[in-house]
Structures are given as structure tokens and as C-alpha cells.
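# Fold and geometry: a report
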Protein chains: 2
Amino acid sequence: MEAAKVGLLGLGTVGGGTATVLLRNREQIHKRLGRSIEITHVAALGIADQTLLDANKVRLTEDAFEVVNDPEVDIVVELIGGYTLAKDLVLKAIENGKHVVTANKALIATHGPEIMRAAMKNGVNVAYEAAVAGGIPIIKAVREGLAANRIQWIAGIINGTGNFILTEMRDKGRDFAEVLKEAQALGYAEADPTFDVEGVDAAHKLTILASLAFGIELQFNKCYTEGISKITTEDVNYAGELGYRIKHLGITRITDHGIELRVHPTLIPEKRLIANVDGVMNAVLVQGDAVGPTLYYGAGAGAEPTASAVVADIIDTVRLIGIGAEYKVPLLGYAPEAMSDIPIMSIEDVETACYLRMNALDKPGVLAEVSEVFAQHNISLEAVLQKEPVEGADKVHLVLLTQKVTESNINAAIAEVESFDEIEGSVARIRLEHLD
Amino acid sequence: MEAAKVGLLGLGTVGGGTATVLLRNREQIHKRLGRSIEITHVAALGIADQTLLDANKVRLTEDAFEVVNDPEVDIVVELIGGYTLAKDLVLKAIENGKHVVTANKALIATHGPEIMRAAMKNGVNVAYEAAVAGGIPIIKAVREGLAANRIQWIAGIINGTGNFILTEMRDKGRDFAEVLKEAQALGYAEADPTFDVEGVDAAHKLTILASLAFGIELQFNKCYTEGISKITTEDVNYAGELGYRIKHLGITRITDHGIELRVHPTLIPEKRLIANVDGVMNAVLVQGDAVGPTLYYGAGAGAEPTASAVVADIIDTVRLIGIGAEYKVPLLGYAPEAMSDIPIMSIEDVETACYLRMNALDKPGVLAEVSEVFAQHNISLEAVLQKEPVEGADKVHLVLLTQKVTESNINAAIAEVESFDEIEGSVARIRLEHLD
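Conventions adopted
- Residues numbered from 1 in each chain as written.
- Chains lettered and ligands numbered in written order.
- Predicted model: local features only at pLDDT ≥ 70, side-chain atom pairs only at ≥ 80, totals over all residues.
- Domains from an automatic or database assignment.
- Contact = placed C-beta atoms within 7 Å.
- Helix = DSSP H or I, 4+ residues; strand = E, 2+ residues; numbered from the N terminus.
- Nonpolar A, V, L, I, M, F, W, Y, C, P; charged D, E, K, R; others polar.
- Least-squares fit on C-alpha atoms with pLDDT ≥ 70 in both.
- Pairing = 2+ DSSP bridges.
- Axes fitted to C-alpha atoms, helices over the stretch in contact; angles between N-to-C directions.
- Parallel < 35°, antiparallel > 145°, perpendicular 65-115°, else oblique.
- Left-handed = near helix turned anticlockwise from the far one by under 90°.
- Buried ≥ 20, exposed ≤ 12 C-beta atoms within 10 Å, placed from the backbone.

Before going further, it helps to spend a moment on the domain arrangement of chain A. Size of an interface: often given as the accessible area lost when the parts come together. All names here are of chain A. In terms of domain boundaries, chain A breaks down into domain 1 (4-135 + 303-338), domain 2 (138-299) and domain 3 (349-432). If you average the C-alpha positions of domain 1 and of domain 2, the two centres end up 27 Å apart. Each side of the interface is counted separately: domain 1 has 20 residues, and domain 2 has 24 residues. It is helix α6 (residues 105-122) that contributes the most residues to the side of domain 1 that touches domain 2, seven residues altogether. Across the side of domain 1 that touches domain 2, the residue classes break down as 13 nonpolar, five polar and two charged.

The next thing to look at is the relation of the copies chain B and chain A. At an RMSD of 0.0 Å, chain B and chain A line up after a rotation of 180° and a shift of 0.0 Å along the axis. What the superposition gives is, in effect, a two-fold axis relating one chain to the other. If distances are taken from each C-alpha of chain B to the rotation axis, the shortest is found for Tyr296 of chain B, at 2.4 Å. Of the interface residues in chain B, 100% have counterparts in chain A that sit at the interface too, so the contact is made through matching surfaces.

On to the interface of chain B and chain A, then. Taken together, the contact pairs 50 residues of chain B with 50 residues of chain A. Taken together, the elements giving at least two residues each to the side of chain B that touches chain A come down to α2 (26-33), α7 (138-145), β12 (292-299) and α13 (303-319) of chain B. For the side of chain B that touches chain A, the leading source of residues is α13 of chain B, giving nine residues. Of the residues assigned to the side of chain B that touches chain A, the class counts are 28 nonpolar, 14 polar and eight charged. The sheet contact formed by strand β12 (residues 292-299) of chain A and β12 of chain B spans three bridges and is antiparallel. What sits directly across from Tyr296 of chain A, in β12 of chain B, is Tyr296 of chain B.

All names here are of chain B. Where helix α14 (residues 366-376) contacts helix α15 (residues 407-418), the two axes come as close as 9 Å, and the packing angle between them is 155°. Considered as vectors, α14 and α15 are oriented roughly antiparallel to each other. Every pair of crossing elements has a handedness; the one defined by α14 and α15 is right-handed. Touching Val370, Val373 and Phe374 of α14 are Ala413, Glu416 and Val417, all from α15.

This paragraph deals with the pairing of strand β17 (residues 423-432) of chain A. Residue and element names in this part refer to chain A. As paired strands, strand β10 (residues 258-269) and β17 are joined by two bridges and run parallel to one another. Paired with Thr266 across the strands is Arg431, a residue of β17. Both strand β13 (residues 351-361) and β17 contribute to a ladder of seven bridges, which runs antiparallel. Bridge pairing links Ala353 to Leu432 in β17.

Moving on, we get to the environment of Asp362 of chain B. Residue and element names in this part refer to chain B. Looking at the secondary structure, you find Asp362 in the loop between β13 (351-361) and α14. Put simply, Asp362 and Glu422 are 60 residues apart on the chain and 8.5 Å apart in space, counted from C-alpha to C-alpha. Filtering out sequence-adjacent residues up to four positions away, Asp362 remains in contact with Pro389, Asp394, Lys395 and Val396.

Residues and elements named next belong to chain B. Judged by pairing direction, the sheet is parallel, and its six strands sit side by side in the order β3-β2-β1-β4-β5-β6 without closing on themselves. Strand pairing shows two members of the sheet lacking a second neighbour, β3 (59-61) and β6 (126-127), which therefore form its edges. In the sheet, strand β4 (residues 75-78) pairs with strand β5 (residues 99-102) via four bridges, with the strands oriented parallel. Looking at the pairing, Ile75 lines up with His99 of β5.

With that settled, the discussion passes to unusual backbone geometry. It is generally the case that most residues other than glycine have a negative phi and that most peptide bonds are trans. Unusually for a residue other than glycine, Asn378 of chain A sits at a positive phi of about 65°. By secondary structure assignment, the location of Asn378 of chain A is in the loop between α14 (366-376) and β14 (381-386).

Residue and element names in this part refer to chain A. Assignment of secondary structure puts Met116 in helix α6. Of the residues examined, Met116 has 20 C-beta atoms within 10 Å and is grouped as buried. It is 22 Å that separates the C-alpha atoms of Met116 and Lys5, two residues lying 111 residues apart in sequence. If we skip the residues at most four places from it in the chain, Met116 touches Val126, Leu331 and Leu332.

What follows is the structure, encoded as C-alpha cells:
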């Protein structure tokens, strides 16, 4: 059988990794697929060393549209990233009847609906395993492996940079800003680290997972997103004293009131397996009604781990070239006519337990006053930690763990506490999940 | 589209779970699949309560062959277990052109080659996700999600009963025999617990994983199998002192000398995520050349977790009814003509680090004598732990960790040490893996 022909758009970290894996494991892949995969085109700017490409008779161009419009190409692999050019290229490829594989979470999370409609209209496949949690085959797990289940919730560490920073803060007592600088030097974080540390990248990925889990449209703009830049080493340490670890989680859950879709720092019990996922590694915990909890762990970024997912998608796509859509897993896991319109909940209506830290004047009665506020708001306290004042200081840290409470209710209580003269500055609030 | 028709053989734990999940999540499954799945037949003996079956117009029979021979049935789901009857039924179903889904690891591991040949000849699908690690979609992960990789090794906790026993021994200092009795009372272990605690069940599963990973034939009879019944709480505690946990692992690895295929108790560093998988839970760690380490965690047994995998297989199978084998993932992950004949290595030739514990007379020079034996065999010691003698005893426990050494070499050294008058009884040996 003739080799399937792949055009690669982009030869950066992931593009380079994809070319490397496809070429190095060519034989292995042929053994699994029963067919060869050939990179016929690469679109990239300023390639320093063309030796490998030339040796494999790959045509190199600076015009990505040339690849997308070449009749010879079966599958376009978009690894440029970003929204605008990537979107135009992907839509053009689809229009030209080509299958598309992409690692672009931003593109899928924000322009997914338009792309999926175009793909269905043109009868082509759009595969995006690499868009969520890098090399972990989590999309396949949720969309196929757990298809028998009603998914109840998903909680994931889905940004490696954020997890690296939180791990260093805990293990070495280092500051957020200092670790961030190191992460940038190591090449983990972008020069503009906003997408990583403010949770935008995680929100893109969570949006995709929620759609696959619950059969809802991709709705990135409804995802509540909070980063880790305000987490202090004190919070990390107090959480530890109370038996918790702070992780930056993406959480989506179906409730009677709608679907929760939220990314924020979260205290989780240190006994949970996912609490022990450290460094740049990712992990996704999926709770199904039949299977119970399952967890998927691996590298969430990097050249070859991401390429592992890209190439798996290419293999799956090649296998199904030429057969009808009715034989394929639907692009978002659900038959298009069966998509649900369950609304995404406002964060105001979400219920979670909370960790609260405040600076209180070191004088009698403050704890009683604060406790009274929570009692009036009908919020039960699970634990209270009052630290010795640092020598010479007149303030103490007061740490509270609440039971489950709606966001609007805890917000009101926090506002009241912050109005006290005995409480300095604002109250730090980190949500807490038991994940059971 | 007409409903796909399923005949269920067996209505025990997994069969009951499968019926429950298929009926309860019927709507959900239809939304994903775009087609209904109907249980038309159930073959089982002595069903006490037929209400649910009658309500869903399921035909009940005591003769499983009636189901296998019914022209109306599209997919036969074999959940009887065991070798003989199950094999006859599965082969007859295949001969009748029916697709087969099974959770029967013993059947696949031992009669897999014959079954796969029959399936290919008749152009039907044989799916067995539930045969390994229950609800964890590990077969899909290895066969499809990681298809871009050369798999380097797999190490799994793939028997829940064994893991429950080892966890209890560590957490509560209880004896093997005592915990086993509790596991039986809880229904985790079979009345005859040999399959669980002597590693046969894990060996069945590992045989399947090795085949999927390396493209080799199923070769259960070549799997080295050692159980946990000789592990003492002392070993568990000494391992802990040295920073390790003892887990019952199935390990398969490709080396320059062939493929390792072995099930045995194993010391692993307590920092590894898989070392923290406790109780009845399963986890499989897969190392690929591109993706690096990935881990898959979940319930390895139980009615609904196993049903989750069975029903996922039914969904996949229904989706592909009517299309040619060339569009399907090969039954063992590799194109039939590309299967490899790399040999399985004898355990004698396998290299691992080792934990050794011996009873030594509490007198000067014993450690020197023992150390000398290992030096002569060119075996380096990583750690030595000599415990204070218990009051009144004249023996001490001497614990050694070796560096990597071939099995035949360490066997020779152990035999020599055991011949010393100062060493009482036999030397306990547990293999040690760093899993990095």
C-alpha cells in the first residue's frame, strides 16, 4: 500500500520532535499500522540544518499554504501554534479535503466549534490528542476508554510550568518570583509566562476535556481562570501542616445546577496520588460512575512527549482514511446531534471548601470575632491554625479551613472580615477539594 | 439505525456489572455511539431475580451455545471465565461470524494465539480491554495511544488482592496469612487464592501487555512467576527503612538479549508514584522512547470497573461492524505479518538489583565473610543494614542491597553464603527496580 503523505506546518520544538519520532520509529510504526507514513512537506522559516530533511526527500517551503494546497498531501499537521494563521491554515486544509492533526489547544478551545463544523461538512478528521496533557493519551481515554461511563468530574494538573513552580516552592521554600525566573531560564515557561502561571493554558485544555466528558460545546470564554502568582510559600507551608498540598488544578464537574469549569490553585489531601505528581509532570484524574477514579500521568510538554501524541493521532488518522464518518469516533466524543446544552455555572454558584489566611492583630477576641462572621453566614470551620507572632511583629497569621460553601457566600463573609480594623489587608483564599 | 445486539455469557460479578452499566447508561452510550446497544440474550445458571431481564425483554437461557448460535446476535460477550467452556464458546462464536468481547485474561494469555487466528480468518473483532487491569484503559493506551513509541518497558501492579495484602502488611504491620484471610472474607481473593498471591493472574495480564508492547506472540508459559506468600513484615519494614516499598510487579522489558517477562515481589523507591498505589488499586507504568514514563491508575477489579472496560469494548466493536480488517487496530497491536520472534529471556539471564536478608550468628567476622563472597562474585553492595540482636537471641538480621547483577550470578553467591555455618536457613531475596 502506498505511503500516507504528511505535510508538517512548523518545525519548532513540537514540529522538530514530530519529524524526529516519525523518522526514527518509522519501522516500528509501519509494523503497527501496516502502512508507511512519509513526511513529504515541511513549512518552516529559517531552518538552519536541512540535512535530515534532504536525506528524506522532504520538500521545504516558507509558505505554509503551499503545503495545505498541495494535492499530494493526505494529512496536514499544524504545529505552528497561535490563533490567526493556524486557524486559516487548518480551515483551508479542511476545505481541501485534508485530515488535520494539531497540538494547538488555544486554537481548539477558542475556534473549535467552527473547525469541527467545517471538518464534519468536508468529511475529514481533526485530531488533537497533543492539545491536552502532551504525551498522555487522555483524550483517547475520556472519549473511548471510558465511553461506558457517565463522567462525574475531572481534575487535572495540566500545566507543567505551574506544577514545577509549586513543587519547588514546597520542596525548597523558594519564592514564586524566583522559581518562575528559573523556569524561564530552563525553557519551561514562555518569556511572557502569563499563559502558564495565570491559568490560560490550563483553561484551554480544561475546556476541551469538559466538552469530551459532558458532550457540551467548547466554551473557553466561560471558564473561570485564576493563576498561581499570588500563592506564597507561607500558604504552601500552612497547607502542608494541615495535611494538604497546593496544586494548580483544572476542575470540571457535572452538578444538578450545571457544569463547573474552573482553573485555580487548590488544596488537596497529600495522601491522594495526584498530590504527589511533582515537577513538570502532568496528571489527570477522571471520575466515572462505573469505573470510579482513574488517573493518567506523564509528561505534559516537551518535544518528544508531545510528538508521541501527534504521531499517535497521525497513525489513527491514516488507519481511517477512506471510510465514512459513521465508523469514526465523533470529533468531540458525542454524536453531533446529541450534544448537550447544560449551562456552564458561574463561579459565584460553585460550592467548594476553602483555605483562608489573614493577617490579624495579635490581641484577644479577634478569633472570636472572625469566627462569629462565619457562623452568621452558616459556614462551618473544619480547622483553625493560629501561628505565633514573629518576634517583634504585632500581627499573626490566622488560617481557617471551611467546609463546603458557595462562592458567593464565602465572598460575603470574606468582605465582612476584611472590613475589620483588626484584619490587615485582604484575606487570601484558596479553594480546597478532597477529590473523593 | 437498528440496535446492535449483544449476547451476554455469564451473569456473575462482571456479567451483572456489565448488564447494569449497559442498561443504566443506555442513553449516555447512545449519545456517544449514535446507535443503541441491546442485550438480547443472557446465558446463566440459576438467576434468582429475573425482574430486570424481563423488563428489558432479555431472553434467558442456561445453554450458552444457544446464544453463540443465534443468528440475531452481533456480539458475544464472554464473562464466564476459565479455560475450557469459555474457549469452546468463543471459538464457536467466531466461527459463526460474531464479534467477541471478553474479560478472560486466562483464556487470552493461554489460548490467545488460536483465538486470534480464528478471528482473523473469520474477519471478526476480539476485544479484551477488561482482561488487564480492569477498568483502566491500558490496552488502548499501549496499542493506540503510545503507538508512536518504541516501548522500552512496562511495570505494573496488576493484581489488586496482592496489592491489598502488601499495603496492609506495611501500614498495619500485619502478617501475610492474617491479611489474606481478611481479603478472602472481603471477597477480594478467591477461596483458592493461588492465582492472586502466587502471581498467576498477574502473569496472564503481563503476557498480554508484553505482546502488545513488543509485537511478540502470547507466551504465558515463558513468564517467570513468583508470588508474595514468602514476604514477611520484617522485609516490608527493612525495605521501608532503606527508602523502598515492596510491590508485586509484573515487569516486561526489551533488552539486547531478548525480552524479560517476570512477575515477582519488587522493592521500588518510595518516591515513585507507583510506590504510592495502595490497597486494591492497580497501576501500570509504561516507558516509551518518545513519551518517557506514563502511568495509568484505577480499579483493577470489581463489577462496575471491569464492566466499564467490557462496555467500552462493546462500543468500539459496534462502531466498526461492517468494515474491513484493514481499517481496524490489529488484535495484538501489530500487523500479523510484522510479529516479532525476539525470544523471552530465561530468568537466569535477567539482571536486577537485589535485596537480601539472612539470619546470621551474632559473632565477629560474619559480615566480613559474607561480604567477601559477594566481592568474589564481583557483586557490589549498595547498602548494608545489620540489626541489633533481639534480646536473648544469638542471631541477627543482616540485610544487603546489591547493585545490578544477573540472576545466575546472585544465585551462586547466595548458595555459597547459605553453606556457611554462621548463616541459618535460607537467604530471602527480593528483586529491586529503580524504574527510571
